[in-house]
Amino acid sequence: ACYCPNYDAERGEHCTPAHNTCCDSFAEFIQQFGVLYYWTIRICDYQYYTTCMPTPTGNTPSYRYMRVVPQQKFTLRVDCPPGGGCTNTNDNRVTFIGQLPSNDRPSWDANAGCRTYTASINAVWPSSQDTGAIGGGVSRYYKAWREKQVKINLS
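Residues numbered from 1 in each chain as written. Predicted model: local features only at pLDDT ≥ 70, side-chain atom pairs only at ≥ 80, totals over all residues. Heavy atoms only, no water.

Can you walk me through the overall build of the protein in this structure?
Along the protein, the regular secondary structure elements total 1 helix and 10 strands. Reading the secondary structure of the protein in the N-to-C direction produces β-β-β-β-β-β-β-α-β-β-β. Burial statistics for the protein: of 155 residues in total, 23% are counted as buried. Surface exposure of the protein reaches about 11,300 Å², of which carbon and sulfur atoms provide 55%. (Helix = DSSP H or I, 4+ residues; strand = E, 2+ residues; numbered from the N terminus. Buried < 20%, exposed > 50% of the residue type's maximum accessible area, 1.4 Å probe, protein only. Areas by Shrake-Rupley, 256 points an atom, 1.4 Å probe, with all protein chains shown as cover.)

What is the right way to look at the environment of Gly85 in this model?
Position of Gly85 among the secondary structure elements: in the loop between β7 (74-79) and α1 (113-116). The exposure class assigned to Gly85 is buried, which follows from its relative accessible area of 18%. In sequence terms Gly85 and Leu36 are 49 residues apart; their C-alpha atoms lie 9.5 Å from each other. Sequence-distant contacts of Gly85, that is, excluding residues within four places in its chain, are made with Tyr37 and Trp39. (Contact = heavy atoms within 4.5 Å.)

Where do I start with the nonpolar core in this structure?
Where a protein is soluble and globular, its nonpolar side chains tend to be buried together. Membership of the largest hydrophobic core is limited to 8 residues, which are Phe74, Leu76, Val78, Val94, Ala123, Trp125, Trp145 and Val150. With 3 residues, the single largest contributor to this core is β7. (Core = buried A, V, L, I, M, F, W, Y, C linked by side-chain atoms within 4.5 Å.)

In this structure, what is going on with empty space enclosed by the protein? I would like to understand it.
Left-over empty space is what a probe sized like a water molecule reveals as it rolls over the atoms. Scanning the model with the defined rule gives 1 cavity of 30 Å³ or more in all. As a volume, the largest cavity reaches approximately 70 Å³. Lining the largest cavity are Phe74, Leu76, Val94, Phe96, Trp125, Trp145, Arg146, Lys148, Gln149 and Val150. (1 Å grid on protein atoms, 1.4 Å probe; cavity = no way out; pocket = protein on both sides within 12 Å on 5 of 7 lines; lining within 4 Å. Points joined across faces, edges and corners; volume = space filled by probe spheres on them.)

Would you take a moment to explain the sheet that holds β7 for this structure?
Whether parallel or antiparallel, the strands of a sheet pair through hydrogen bonds between backbone atoms. With antiparallel pairing, 4 strands are arranged side by side in an open sheet as β6-β5-β7-β9. On the outer flanks of this sheet lie β6 (64-65) and β9 (142-145), each paired with one strand and no other. In this structure, β7 lies alongside β9, joined through 4 bridges in antiparallel fashion. The residue bridging Leu76 from the neighbouring strand is Trp145, located in β9. (Pairing = 2+ DSSP bridges.)

Whenever I open this one, the state of the cysteines confuses me. Can you help?
The bond known as a disulfide is covalent and runs between the sulfur atoms of two cysteines. Taken as a whole, this structure holds 2 disulfides when the rule is applied. The partner cysteine of Cys44 in its disulfide is Cys52, sulfur to sulfur 2.0 Å. With the S-S dihedral at roughly -90 degrees, the linkage between Cys44 and Cys52 falls on the left-handed side. For the pair Cys44 and Cys52, one class covers both residues: buried. Note that Cys80 is cross-linked by a disulfide to Cys86, the S-S spacing being 2.1 Å. Judged by the sign of its S-S torsion, about -90 degrees, the cystine formed by Cys80 and Cys86 is left-handed. For the pair formed by Cys80 and Cys86, the shared burial category is buried. (Disulfide = S-S within 2.5 Å.)

Here it is, written out as structure tokens:
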């Protein structure tokens, strides 16, 4: 990510709030201050999780789902960003928490849902040791939770 210090390169001066030409060209973002990583969570077909891609042409089946129904096997897959977003270890965890407005906080917030809430009682793993268990695989490109199927109770 790059920072523009409220500067107009064409005029060679700092901007006032009334100017709309500030930070409008690449050259004005002069200072790199970090790297942004984006992870994508996908719900994939149980069998074809490695190709969990949409099918824009419609000629072949799509293996990415928007939702699942009770008793349907699926694979939860986290796609890793390039540049070191995931390591090639199996030290990864996933948990299901309830959908609450208070869960919609950034990860650095001390009250973020993944930090403060316990696993949802509606997500039932094969055994109690599977909740928060290490897994996901050793790929640097994606992590997939497939072998131990979680059952979602909606009633």
